[in-house]
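An overview of the molecular structure
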Amino acid sequence: MNKNGIIKSLKKLALVTASVAILALSLSGCTYKAKGLESFKFVDNSYIVVSENGIDTLHKGDIITEQSAFSGISSTTPKLEFDCGTEIHTSQFVSYGKQKPSEKKYDEVCEFCFGKE
């Protein structure tokens, strides 16, 4: 077999290997977006202060943990769903429950969260 024949054979083998790998991953359920998550709201309608880039912003909303339906393992970072419609995953927050803290203590107050009160 000459050099060109070996290169053609290796190209075909690489193409077949890549195709089989992609097919195997797609059939195994490995995707970018996690499937089978169950959400549990563990703090409802709370005053929440989020710290981002040195700015503390007061919001109002829910704190939710997500758990895999298959393994029962909870996510390490909770999801915050604010009344303004924003959803973020962060561990940089403080929850005050039902008691509204003084707005003067914070750099910003989300006007969309408190416009509905």
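Conventions we followed
Residues numbered from 1 in each chain as written. Predicted model: local features only at pLDDT ≥ 70, side-chain atom pairs only at ≥ 80, totals over all residues. Heavy atoms only, no water. Core = buried A, V, L, I, M, F, W, Y, C linked by side-chain atoms within 4.5 Å. Buried < 20%, exposed > 50% of the residue type's maximum accessible area, 1.4 Å probe, protein only. Helix = DSSP H or I, 4+ residues; strand = E, 2+ residues; numbered from the N terminus. Contact = heavy atoms within 4.5 Å. Salt bridge = Lys/Arg side-chain N within 4 Å of Asp/Glu carboxyl O.

1. What to know about the nonpolar core
Listed in full, the 12 residues of the largest apolar core are Tyr47, Ile48, Val49, Val50, Leu58, Ile63, Leu80, Phe82, Tyr106, Cys110, Cys113 and Phe114. Of all elements in the fold, only β1 (37–52), β2 (55–68), β3 (79–82) and α2 (111–114) reach the threshold of two or more residues within this core. For this core, the element with the highest residue contribution is β1, accounting for 4 residues. Beyond its immediate sequence surroundings of up to four residues, leucine 80 is in contact with Ile48, Val50, Asp62, Ile63, Thr86, Glu87, Ile88, Thr90 and Phe93.

2. Examining the pattern of salt bridges
For the structure shown, the criterion picks out 4 salt bridges. Lysine 41 is the salt-bridge partner of aspartate 44, the closest N and O atoms lying 3.8 Å from each other. Glutamate 81 is the partner of lysine 79 in a salt bridge, and the nearest nitrogen-oxygen pair spans 3.3 Å. Each of Lys41, Asp44 and Asp62 takes part in salt bridges that share partners, so that together they form one network.

3. As for the environment of glutamate 108
With respect to the helices and strands, the residue glutamate 108 is situated in strand β6 (residues 108–109). C-alpha separation for the pair glutamate 108 and histidine 59, spaced 49 residues apart in sequence, amounts to 9.1 Å. Aside from chain neighbours lying at most four places away, what touches glutamate 108 is Ile55, Asp56, Thr57 and Leu58.

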